[in-house]
Amino acid sequence: MAKIIVKDTEIAFCKKEQEDYISLTDIAKFRDMQNPLPVINSWLQTYNAVEYLGLWEKLSNTNFNHYISEGFKIESTKLFFELSPQKWICETNAIGIMMKTERYGDVVYAHSDIAFKFAAWISVEFELYLVAEFKRLKTEEHKSFGRSASKRAEKKDISLHDQVKKQILLACKMLGVQAQNEYRGTDWRADVFALGSNGTKYAFEVQTSQQSLNRTLERQAKYQRDGIVGCWLFEKEPSRMNVEREDLPLFKIKEVDGQIYVSLKERKELPLDVFVNDYLQDKIQFRPTLSILPKVDIVFMEMDCWKCGTKNHIYYIGDFVSPCNTKIHHQEAMWNSDKLVFRPEIIRKVREYASSEKGNTLNIGQIKERYSKTTEHSYMSFGCSKCDSIFGDWFVHEATIEAWYGGGVVDRISFDVSRDVDPKFDLRLNVPHWCHPGEHEFCK
Ligand SMILES: [Zn+2]
Ligand SMILES: [Zn+2]
């Protein structure tokens, strides 16, 4: 473990995917030698920290759960708010902070950008020393380790590349598909060239070193010209590749404990052999939009009337899931249509349930248009079962966010939309993607 010393405090750092991570636990020791973790937690619980972390992840992490992070931001203004590194990582899929188990217990590491922010919160003077020391170290590192590091990278490169090729060849063989290593065409050369049973030609390209998007498109164009289906497996995606595209089937691979996986973004990770198998059988196809499985979740939560104090219940619609496993929050999907919660079909379901034996403890007021003095117009709203006061949008939103973390949730039901709701019920998101629906049908 590499260490630097700043103001008599030893600070450990390490690398993760070429980025520098610095021990927040060590930095916190500058404030409290014996008990560093609570120091980290109290920083995490500040509005500024949550806001910064959210922005940082948004810029660097495509799998980041922005909604949860926004929820934390709102919560952070409240007194009872608690946030630990584990909770942050676990709920938002953050990569800027990570936990490592070391000899003396769990240590919290953060990307150097974030670590400097934290250090500044501890003490501006400390931050200045830390940044200066870290810069000095980096310059030295570049000078002395540059050559040997690139040699090491090359060596690792060759082995992963070969490993992936081997597995692709094996998967083709298992499927009874003819495949050839390092096949040479007119002006291209495929890592693995396969001939499907129906005559379709495939070229698998494994890329473990950097290759720009333009260069990749150039090479892909040659395959297209020769009527070959390309398939690009990158260890590190080209930097300008921020959306999935139909003209370039490009997927990220990674190795976990000797197993190689192909990632279909946050949707799923397939073992390489499964991926190759399904790709050759056309079970992975490009779709311009995400659709949802016809299933609605209704989540009931507590809501006390602001006027008379009566305990009421309201509800929200849980996340939808696409056939290929994207979680779609309904607010995201519904930005230009009626509020889903108040669709007649949904209200009918809720009423049915609330009058059934199972749901009879729910106390749900009328759902109708009410006039709001705050916004000076009428809108569809929840309201009190006793005094009929309107539950304003803002309070409903607040309660919903709290319920996402389990606060105040009392019950939930789930029902099949295809059977119960009109056929117009259809949500789509313009998210072009390589769809792998498994046992479901492809996104529409
Ligand atoms: Zn009331
Ligand atoms: Zn899909």
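Please read all numbers here as calculations on a predicted model, not as lab measurements.

### Quick notes on the domain arrangement of the protein chain
- Parsing the protein chain into structural domains produces domain 1 (2-150), domain 2 (160-283) and domain 3 (295-429).
- Each of domain 2 and domain 3 has a C-alpha centre, and the two are 44 Å apart.

### A short note on unusual backbone geometry
- For Lys-7, which is not glycine, the phi dihedral falls at a positive 50 degrees.
- Here Lys-7 is to be found in the loop between strand S1 (2-6) and strand S2 (9-16).
- On the basis of neighbour count, Lys-7 is assigned to the exposed category, with 12 C-beta atoms found within 10 Å.
- Phi is positive for Asp-282, close to 65 degrees, though the residue is something other than glycine.
- Tracing the chain through its elements places Asp-282 in the loop between helix H9 (272-280) and strand S13 (285-287).

### Brief notes about the sheet that holds strand S21 (residues 390-391)
- Read from one edge to the other, the open sheet built from three strands follows the order S19-S20-S21, with strand pairing classed as antiparallel. The open sheet terminates on both sides in strands that have one partner only, identified here as strand S19 (368-372) and S21.
- Sheet topology note: the strand S20 (residues 377-383)/S21 ladder contains two bridges and is antiparallel. In the sheet register, Gly-383 faces S21, and the bridge partner there is Ile-390.

### Some points on the packing of helix H3 (residues 47-60) against helix H4 (residues 66-75)
- Taken N-terminus to C-terminus, the directions of H3 and H4 make an angle of 165 degrees; their axes are 9 Å apart at the nearest point. Comparing the axis directions of H3 and H4 gives the class roughly antiparallel. Where H3 crosses over H4, the handedness of that crossing is left-handed. Along the contact surface, H3 presents Tyr-47, Val-50, Glu-51, Gly-54, Glu-57 and Lys-58, while H4 presents His-66, Ser-69, Phe-72 and Lys-73.
- Counted by class, the contact of H3 with H4 contains three nonpolar, three polar and four charged residues.

### Section: H9
- Every buried residue of H9 is listed here: Leu-272, Phe-275, Val-276, Tyr-279 and Leu-280. Angular distribution of buried residues about the axis of H9 spans 120 degrees; they occupy a single face of the element.
- Trailing H9 by a residue or two, Asp-282 shows a phi angle of about 65 degrees, which is positive.

### Observations regarding the sheet that holds S2
- Ordered by their spatial adjacency, five strands build an open sheet running S1-S2-S3-S5-S4, and the pairing between neighbours is antiparallel. Edge strands, defined here as strands with exactly one partner in the open sheet, are S1 and strand S4 (97-102). Here the average twist between neighbouring strands, direction ignored, is 35 degrees.
- Pairing of strand S3 (residues 19-23) with strand S5 (residues 105-111), which is carried by three bridges, proceeds in the antiparallel orientation.

### A short note on H3
- Its 14 residues give H3 an end-to-end C-alpha distance of 20 Å, which sits within 8% of 20 Å, the value for a rise of 1.5 Å per residue.
- Among all positions in H3, only Ala-49, Val-50, Leu-53, Gly-54, Trp-56 and Glu-57 are buried. The arc enclosing the buried residues of H3, seen along the axis, measures out at 165 degrees, which places them on a common side. Within H3, the exposed residues directed more than 90 degrees away from the buried face are Asn-48, Leu-55, Lys-58 and Leu-59.

### A word on the nonpolar core
- Counting 33 residues, the largest nonpolar core has Leu-24, Ile-27, Ala-110, Ala-115 and Phe-118 as its most contacted members.
- Contributions of two or more residues to this core are made by S3, helix H1 (24-29), helix H2 (36-44), H3, H4, S5 and helix H6 (112-122).
- What Phe-118 contacts, discounting residues up to four positions off in sequence, is Leu-24, Ile-27, Trp-43 and Ala-110.

### Re the pairing of strand S7 (residues 189-195)
- With respect to burial, S7 is a largely interior element, five of its seven residues being buried.
- Here strand S6 (residues 178-184) pairs with S7 via six bridges, running antiparallel. When the bridges of S7 are listed, Gln-180 appears paired with Phe-193.
- Between S6 and the antiparallel strand that follows it, S7, lie four residues.
- Bridging between S7 and strand S8 (residues 201-207) involves four bridges; their strand directions are antiparallel.

### What about the pairing of S19?
- Where S19 lies against S20, five bridges are found, and the strand directions are antiparallel. The residue of S20 that forms the bridge with Lys-368 is Ser-381.
- Hairpin connection, S19 to S20: the antiparallel pair is bridged by four residues, and Glu-376 has positive phi, about 60 degrees.

### A short note on the environment of Arg-351
- In this structure, Arg-351 sits in helix H11 (residues 344-354).
- Residue classification places Arg-351 among the partly exposed residues on the basis of 13 C-beta atoms within 10 Å.
- Considering only alpha carbons, one finds Arg-351 and Leu-362, 11 residues apart in sequence, at a separation of 9.9 Å.

### Notes on the confidence of the model for the protein chain
- Chain-level statistics for the protein chain give a pLDDT mean of 87 and a share of 92% at 70 or above.
- Across residues 332-337, where pLDDT falls below 50, the model places six contacts with residues more than four positions away in sequence or in other chains.

Quick notes on the rules
Residues numbered from 1 in each chain as written. Chains lettered and ligands numbered in written order. Predicted model: local features only at pLDDT ≥ 70, side-chain atom pairs only at ≥ 80, totals over all residues. Domains from an automatic or database assignment. Helix = DSSP H or I, 4+ residues; strand = E, 2+ residues; numbered from the N terminus. Buried ≥ 20, exposed ≤ 12 C-beta atoms within 10 Å, placed from the backbone. Pairing = 2+ DSSP bridges. Axes fitted to C-alpha atoms, helices over the stretch in contact; angles between N-to-C directions. Parallel < 35°, antiparallel > 145°, perpendicular 65-115°, else oblique. Left-handed = near helix turned anticlockwise from the far one by under 90°. Contact = placed C-beta atoms within 7 Å. Nonpolar A, V, L, I, M, F, W, Y, C, P; charged D, E, K, R; others polar. Arc of directions from axis to C-beta. Expected span 1.5 Å × (residues − 1). Core = buried A, V, L, I, M, F, W, Y, C linked by C-beta atoms within 7 Å. pLDDT = per-residue confidence, 0-100.

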